[in-house]
Every structure is written in C-alpha cells, then in structure tokens.
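Architecture and fold: a report
The chain contents come next:
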Amino acid sequence: MSEVKLTAAVRTEFGKGAARKIRRAAAVPAVLYGHGTDPVHLTLPAHDTAMALRTPNVLLSLDIEGKGSELAIPKAAQRDPLKGNLEHVDLLLVKRGEKVTVEIVVETEGDLAPGAFLVENVLNTLAVEAEATHIPESVTVSIEGLSAGDSIHAKDVALPKGTTLVTDPEAVVIQILAAQAEEPAAESAEGDEAAEA
C-alpha cells in the first residue's frame, strides 16, 4: 500500500459560508481526529484529495503547516449529490505499527460450473484488522467451478499476511443461485375486459 502525500492547512473559519469559500478556492474542508486528541480542522487540496480517495483505505501522509507530518486514513467522505465533488472529509489519525479496523472490497475471479447460475455477492466488503501502513485494498475470491447451492463464508476467504478477520467468520460472503426461468406473462382478466369494451 502506498502513501499519498497531501499538504494541509489548519482551518480557523467554520460554518457553511467558510466551507463554500474553501471549496471555491479548489480545496476541501476536513477534520482529523483520533488517539484522544482534539479534532484538528484542516483544508486539503480538492483535486489531490479526490484522486487519493479513489484508492480504498488509502494511507495519507499529511504535511500540516506548523504541526509537522501526520498519518491518516479516510473514515468518511461527503460528496455533492449532483456533481459528485468532495464537500468534506473525516480523517482518522494513525501511527506506524498501529492496528486499525477497516472495510476491504471483495472481488471475484473464475468461471462458474457450466449451467445457468448466478453469483450473489451477499457481502461486498469484509471488516478486517490490519497494520495502518499495510492495509490491503481488496481480497479476491475464486468462484471457479461453483454451482447452485455453493457458498463462500468469511472464514474461507484467504486474507493477506498480517490481516485478521473482524467480520463474523460464519457470514456468507458469496452464494451461487440457480437462474430462474421467466414464466410467460399471463394476460390479466382486466386486460381481456378492456379489449372487449
């Protein structure tokens, strides 16, 4: 997992007006919290932050003016519902060597057994505990040769070294279903009556 360096400025103005002003200046308001410290209100470069957040559980190295460098992971990002622009980011302060609990994406690979089967992703993510500087982006699960009735539980998913499962081990992650054949649509009695009228 790579670190993304961002330059951050400490925010002193708050409220909707101040947030709009920050966004007009191609920046995004953020809050850094954790380790029992008081929250630090920051301003981050909007484009660089948006690019960094494309990587799940990205590790951010924040160069905060006057405060030095801090490591953080994103906990929440609010986006404009229409434009998709970042409006606010919550960051969790982390230390090297520290274990953190995060959600990682479950991806599938391989082909099902021949036949009409469907893959149902019951869980799209798994909660895992990993060292803050070695958080996996995703895990890949093989569905090769599976057929209807087969399922993969959280305990069956191979996790990268140093990562432990937090999700219930018995939770179903993926299950394989038989495809349902569509029945021909029967005309309703109302439709018949309308045709006669």
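One can find the structure itself at the top, above this paragraph.
Residues numbered from 1 in each chain as written. Predicted model: local features only at pLDDT ≥ 70, side-chain atom pairs only at ≥ 80, totals over all residues. Heavy atoms only, no water.

Description of the pairing of strand E1 (residues 3–10)
When E1 meets strand E4 (residues 59–64), the two strands line up parallel, connected through six bridges. Bridged to Leu6 within E4 is Leu62. (Pairing = 2+ DSSP bridges. Helix = DSSP H or I, 4+ residues; strand = E, 2+ residues; numbered from the N terminus.)

Topic: the pattern of salt bridges
Inspection of the entire model under this criterion finds two salt bridges. Between Glu70 and Lys95 there is a salt bridge whose closest N-O contact spans 3.8 Å. Residue Glu70 is located in strand E5 (residues 68–79), and its partner Lys95 is located in the loop between strand E6 (86–94) and strand E7 (99–109); the two are separated by 25 residues in the primary sequence. The partly exposed category is assigned to Glu70, whose relative accessible area is 23%. Overall, Lys95 belongs to the partly exposed group, its relative accessible area being 41%. When the shortest N-O distance is used, the salt bridge between Lys155 and Glu170 registers 3.0 Å. With Lys155 in the loop between strand E11 (151–153) and strand E12 (164–165) and Glu170 in the loop between E12 and strand E13 (172–178), this pair connects stretches of sequence that are 15 residues apart. Residue classification places Lys155 among the partly exposed residues on the basis of a relative accessible area of 48%. Accessibility expressed as a relative area gives 46% for Glu170, which makes it partly exposed. (Salt bridge = Lys/Arg side-chain N within 4 Å of Asp/Glu carboxyl O. Buried < 20%, exposed > 50% of the residue type's maximum accessible area, 1.4 Å probe, protein only.)

Side note on the sheet that holds E12
The sheet built from four strands is open, its strands ordered E10-E7-E9-E12 with mixed pairing. Pairing within the sheet leaves two strands with one partner each, and these edge strands are strand E10 (138–142) and E12. Two strands pair when backbone bridges link them, and strand E9 (residues 125–131) and E12 are joined in this way by two bridges, in the antiparallel orientation. Residue pairing for E12: Glu129 is matched across the bridge by Thr164.

A look at the side chain of Thr43
Within the secondary structure layout, Thr43 lies in strand E3 (residues 37–45). Setting aside residues up to four positions removed in sequence, Thr43 forms contacts with Thr7, Ala8, Ala9, Arg11, Ile22, Ala27 and Val28. (Contact = heavy atoms within 4.5 Å.)

Brief notes about the nonpolar core
Ile73, Leu126 and Ile174 are the most contacted members of the largest nonpolar core, which totals 24 residues. Of all the elements in the fold, those that place two or more residues in this core are E5, E6, E7, E9, E10 and E13. With four residues, the top contributor of residues to this core is E7. Once residues lying within four places of it in the same chain are set aside, the contact partners of Leu126 are Val102, Glu103, Ile104, Val106, Val139, Ala154, Val157, Leu165, Thr167 and Val173. (Core = buried A, V, L, I, M, F, W, Y, C linked by side-chain atoms within 4.5 Å.)

Section: the environment of Thr125
Note that Thr125 resides in strand E9. Residue contacts for Thr125: discarding those within four places in its chain leaves Glu103, Ile104, Val105 and Val106. Within the structure, Thr125 has its side chain in polar contact with the side chain of Glu103 (distance 2.6 Å). (Polar contact = N/O pair within 3.5 Å; in protein donor to acceptor, adjacent residues only side chain to side chain.)

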